[in-house]
Amino acid sequence: MSAATTRSRTPRATRAPRAVRTPDRLCAEAVDLAREAADEAAAPGVVGAHVEVVAEGDRVVTHFFESKEPGYRGWRWAVTVTRASRAKNVTLDETVLLPGPDALMAPEWVPWSERLRPGDMGPGDLLPTEQDDLRLEPGYSGEDTPPPNSAVSEEMVDHLDEEDAELTSRTPSRGAIAAVAEELGMRRARVLSRYGLHVAADRWDEAFGAKTPMAQAAPATCESCAFLVPIAGSLKQAFGVCANEFSPADGRVVSLSYGCGGHSEAAVMPKPPRPAPPVLDSMAADEFPLRPAKDSGSTTEPDGASEDLGHS
């Protein structure tokens, strides 16, 4: 391998422990040859002091040099040299940059599907789903329906075509079946599998289930709460949606065994009694007319002059 092709920043796996061997004398003395190869592969001034010599096999020796390249702390330039049997000329075998025992290593690469966590998606993000996702299974989309969709066999159709006969099919067309399936909510290419249902149920039960501290201290479960909104499907036997705005699970899928202090029947406040009207109303104002009624006979009709002066 040439020096130009071995300048790789991709770290190799640490070599397995090997038996201690005595390095070949001629190969072990070829330090200058190994340094020249390392200088050719690395940038100027990057190769440091000679660290050690390790015997890889019969007449195969690796020289290790310190690496002074920034960002590669603890890495070493490894130059492997060898010679043929009964030959005195040492030749270059390989030059590569390898991590040492205390090398600064990048974290192990993790696929995006394993790095993704709930809440990482933002507006405009697309999350691809694998074709063989275990959480999903094929549903009904109308695409697998045979094109003729008729009780007449293909041989009979060919025969009718040869006889130039007309065939009137009374079965619904393919498009009509797909339209009915779409109206019923069945026209989906894939649906949740049993494994996908179990995974979702375990995740929801862990967040809002019977083992949570809130449920342990609740006076009753969500099964008897009026704020529980039932859901459709097979999960309705164990889950529902909370509709209590004061509950910590408002708008969340909760287990029927979950509960909180906002249970509708936990502490029902009685309606305060309405007091009876008083017999003698002492709070109302009494009306006292300034002049007696005209038909009472106790006074005469005032004239205009006295009325102007304010006298009766």
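A brief look at the structure comes next. (Residues numbered from 1 in each chain as written. Predicted model: local features only at pLDDT ≥ 70, side-chain atom pairs only at ≥ 80, totals over all residues. Heavy atoms only, no water.)

### Structural notes on empty space enclosed by the protein
Part 1: Per the counting criterion, the structure on display carries 2 cavities of 30 Å³ or more.
Part 2: Size it by volume and the largest cavity reaches roughly 90 Å³.
Part 3: Classifying every residue of the lining of the largest cavity by side-chain character gives 9 nonpolar, 5 polar and no charged. (1 Å grid on protein atoms, 1.4 Å probe; cavity = no way out; pocket = protein on both sides within 12 Å on 5 of 7 lines; lining within 4 Å. Points joined across faces, edges and corners; volume = space filled by probe spheres on them. Nonpolar A, V, L, I, M, F, W, Y, C, P; charged D, E, K, R; others polar.)

### Details of the layout of surface pockets
Part 1: Looking at the largest pocket, its volume works out to about 720 Å³.
Part 2: For the largest pocket, the lining is made up of 22 residues, of which Ser113, Leu116, Leu127, Arg135 and Arg203 are closest to its centre.
Part 3: No other element matches helix 6 (residues 194-207), which puts 5 residues into the lining of the largest pocket.
Part 4: Per-class residue counts for the lining of the largest pocket are 11 nonpolar, 4 polar and 7 charged. (Helix = DSSP H or I, 4+ residues; strand = E, 2+ residues; numbered from the N terminus.)

### Considering the side chain of Asn244
Part 1: The residue Asn244 is located in the loop between strand 8 (239-242) and strand 9 (253-255) in this model.
Part 2: Take Asn244: its relative accessible area is 7%, and that puts it in the buried class.
Part 3: In contact with Asn244, other than residues within four places in its own chain, are Phe227, Asp250 and Gly262. (Buried < 20%, exposed > 50% of the residue type's maximum accessible area, 1.4 Å probe, protein only. Contact = heavy atoms within 4.5 Å.)

### Observations concerning the packing of aromatic side chains
Part 1: Evaluation of the coordinates by the stated rule reveals 3 aromatic pairs.
Part 2: Ring geometry for Tyr72 versus Trp75: centroids 5.1 Å apart, planes at 80°, classification edge-to-face.
Part 3: Assessed through its relative accessible area of 11%, Tyr72 is described here as buried.
Part 4: Owing to a relative accessible area of 5%, Trp75 belongs among the buried residues under this scheme.
Part 5: For the ring pair Phe208 and Tyr258, a centre distance of 5.5 Å and an interplane angle of 90° mean the geometry is edge-to-face. Taken together, the residues span a long stretch of sequence, with Phe208 in the loop between helix 6 and helix 7 (213-216) and Tyr258 in the loop between strand 9 and helix 8 (304-309) at a distance of 50 residues. The same class applies to Phe208 as to Tyr258, namely buried.
Part 6: Above the plane of the ring of Phe64 lies Arg76, whose end atom (NZ or CZ) is 4.2 Å from the centre. (Phe/Tyr/Trp six-rings, centres within 6.5 Å; stacked < 30°, edge-to-face > 60°. Lys NZ or Arg CZ within 6 Å of the ring centre and 35° of its normal.)

### Description of the sheet that holds strand 3 (residues 75-82)
Part 1: Spatially, 1-2-3-4 is the arrangement adopted by the 4 strands of the open sheet, whose pairing is antiparallel. On the outer flanks of this sheet lie strand 1 (47-57) and strand 4 (91-99), each paired with one strand and no other. Strand after strand, the sheet turns through a mean of 20° between neighbouring axes, direction not considered.
Part 2: With 7 bridges joining them, strand 2 (residues 60-67) and strand 3 adopt antiparallel strand pairing. The residue bridging Glu66 from the neighbouring strand is Arg76, located in strand 3.
Part 3: The strands that helix 2 (residues 31-41) touches are strand 1, strand 2, strand 3 and strand 4; relative to strand 1, the one it contacts most, it runs at about 115°. (Pairing = 2+ DSSP bridges. Axes fitted to C-alpha atoms, helices over the stretch in contact; angles between N-to-C directions.)

### Some remarks on the pairing of strand 1
Part 1: With 7 bridges joining them, strand 1 and strand 2 adopt antiparallel strand pairing. Bridge pairing links His50 to Phe65 in strand 2.
Part 2: Here strand 1 folds back onto strand 2 in antiparallel fashion, the turn holding 2 residues, of which Arg59 has a positive phi close to 60°.

### As for the pairing of strand 8
Part 1: Relative to strand 8, strand 7 (residues 228-230) is paired through 3 bridges, and the arrangement is antiparallel. Within strand 8, the position partnered with Val229 by the bridge is Val241.
Part 2: When strand 8 meets strand 9, the two strands line up antiparallel, connected through 3 bridges. Bridging across to strand 9, Val241 finds its partner in Val253.

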